[in-house]
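Architecture at a glance
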Amino acid sequence: MIPLSWYLALAAALFCVGFYGVLARKNAVAILMGIELMLNAVNINLVAFWHYLAPGLIAGQMFTIIVLTVAAAEAAVGLALIISIYRRRSTVVAEDIDLMKW
Amino acid sequence: MTAAHVIFLVTAVATLGAALYVVTARNLVHAALALIASFFGVAIIFVLLQAGFLAAVQVVLYIGAIAILIIFAIMLTRRVMQDTGPQTNRQWWVAAIMAAVLFVALLVSLGLVPSLQDVTQPVTALPSPDDSLRQLGKSFVDPNQYLLPFELASVLLLVALIGSIVIAADKKQP
């Protein structure tokens, strides 16, 4: 059997790649893609812990489904915001969207 | 090394490679396609963890809905963001260092928990996939279990639906 720590290491690596994407990318859509990668890493963690440590409880899968729902809602609203900003200011570069910067 | 180990390692390398391409690619459409590959790798990981329902949901929801939504957003905003020129901001090296530090910190903290090291088998026998799915479906509608989170998730989806229509709608056109 595959050890639990392998899954956790994979999830940590995927999370850090997504984290880099969120911090380093200019394009707001690319930042959202980084966030999706991070959420996927969290889901791997949750399912791995469910499989190895609490297979009798359904809570592990339930958490994953709630995370999936929130990710879908977040993607829909985030992309709607990006399209709205693009229409008003003709940019999707996160640095140029500085209307509320003081 | 069994077949499961080999499948895991190949999938993990492919997933991480696709993820790295997502965060470094110049061309955003290519990045979105790599994102789909990465999602698919995560679905294979779910299958390895014997969560078949979640793997199906991963394919349908992430690849079928979120990735398509992201590709739509890329197409709609493509003109300003040409694929030439740097795609990262000036502090990208700080971001790289922070991500590396976070990764090392996570691995070290994983090593600090000795009880996690030698878990190679589920502590109790896994329920059969059918049982697991039946249990999941029942717990969604059981008031003593997850009825309230389920309803809250439904309301959240409705709010997100209405909210994104209101935000993205073009108010100038009738």
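Just so it is clear, the structure is predicted and the values come from calculations on it, not from any experiment.

Thresholds, definitions, all that
Residues numbered from 1 in each chain as written. Chains lettered and ligands numbered in written order. Predicted model: local features only at pLDDT ≥ 70, side-chain atom pairs only at ≥ 80, totals over all residues. Helix = DSSP H or I, 4+ residues; strand = E, 2+ residues; numbered from the N terminus. Buried ≥ 20, exposed ≤ 12 C-beta atoms within 10 Å, placed from the backbone. Axes fitted to C-alpha atoms, helices over the stretch in contact; angles between N-to-C directions. Parallel < 35°, antiparallel > 145°, perpendicular 65-115°, else oblique. Contact = placed C-beta atoms within 7 Å. Nonpolar A, V, L, I, M, F, W, Y, C, P; charged D, E, K, R; others polar. Core = buried A, V, L, I, M, F, W, Y, C linked by C-beta atoms within 7 Å. pLDDT = per-residue confidence, 0-100.

All names here are of chain B. A positive phi angle, close to 60 degrees, is found at Gln-50, a residue other than glycine. Here Gln-50 lies in the loop between helix H2 (28-48) and helix H3 (52-76). Assessed through the 18 C-beta atoms surrounding it within 10 Å, Gln-50 is described here as partly exposed.

What follows covers the packing of helix H1 (residues 4-24) of chain A against helix H1 (residues 3-24) of chain B. One way to put it is that H1(A) packs onto H1(B) with a least axis distance of 9 Å and a crossing angle of 10 degrees. What the angle tells us is that H1(A) and H1(B) run roughly parallel. On H1(B), the residues touching A:Trp6, A:Leu10, A:Ala13, A:Leu14, A:Val17, A:Gly18, A:Tyr20 and A:Gly21 of H1(A) are B:Phe8, B:Ala12, B:Thr15, B:Leu16, B:Ala19, B:Leu20, B:Val22 and B:Val23. Residue composition of the contact of H1(A) with H1(B), by class: 13 nonpolar, three polar and no charged.

Attention shifts here to the interface of chain A and chain B. Residue-level contacts link 65 residues of chain A with 71 residues of chain B. Put simply, the parts of the chain that give the side of chain A that touches chain B at least two residues each are H1, helix H2 (28-53) and helix H3 (59-89) of chain A. The element that contributes the greatest number of residues to the side of chain A that touches chain B is H3(A), accounting for 21 residues. Among the residues making up the side of chain A that touches chain B, the classes are represented as 46 nonpolar, 14 polar and five charged.

This part is about the environment of A:Ala76. The topology assignment puts A:Ala76 in helix H3. Those residues within four positions of A:Ala76 in sequence are excluded, and the remaining contacts are B:Leu69, B:Ala160 and B:Ser164.

On to the nonpolar core, then. Within the largest apolar cluster, 68 residues are counted, with the highest numbers of intra-cluster contacts made by A:Leu14, A:Val29, A:Ile44, B:Leu35 and B:Ile70. For this core, the secondary structure elements donating two or more residues are H1, H2 and H3 of chain A together with H1, H2 and H3 of chain B. Ranked by residue count, the leading element in this core is H1(A), at 14 residues. For B:Leu35, the contacting residues outside a window of four places in its chain are A:Met33, A:Glu36, B:Val22, B:Ala67 and B:Ile70.

Further remarks concern the environment of A:Val22. All names here are of chain A. Take Val-22: it is sitting in helix H1. The exposure class assigned to Val-22 is partly exposed, which follows from the 19 C-beta atoms found within 10 Å. Linking Val-22 and Ile-35, residues 13 residues apart in sequence, is a C-alpha distance of 6.5 Å. Apart from the residues lying within four places of it in its own chain, the contact partners of Val-22 are Ile-31, Gly-34 and Ile-35.

What follows covers the confidence of the model for chain B. Residues and elements named next belong to chain B. Of all residues in chain B, 94% attain a pLDDT of 70 or more, and the chain-wide mean is 85. Taken element by element, chain B is modelled with least confidence in helix H5 (residues 114-117), mean pLDDT 73, and with most confidence in H2, mean pLDDT 92. Per the prediction output, this complex has pTM 0.89; the corresponding ipTM is 0.90.

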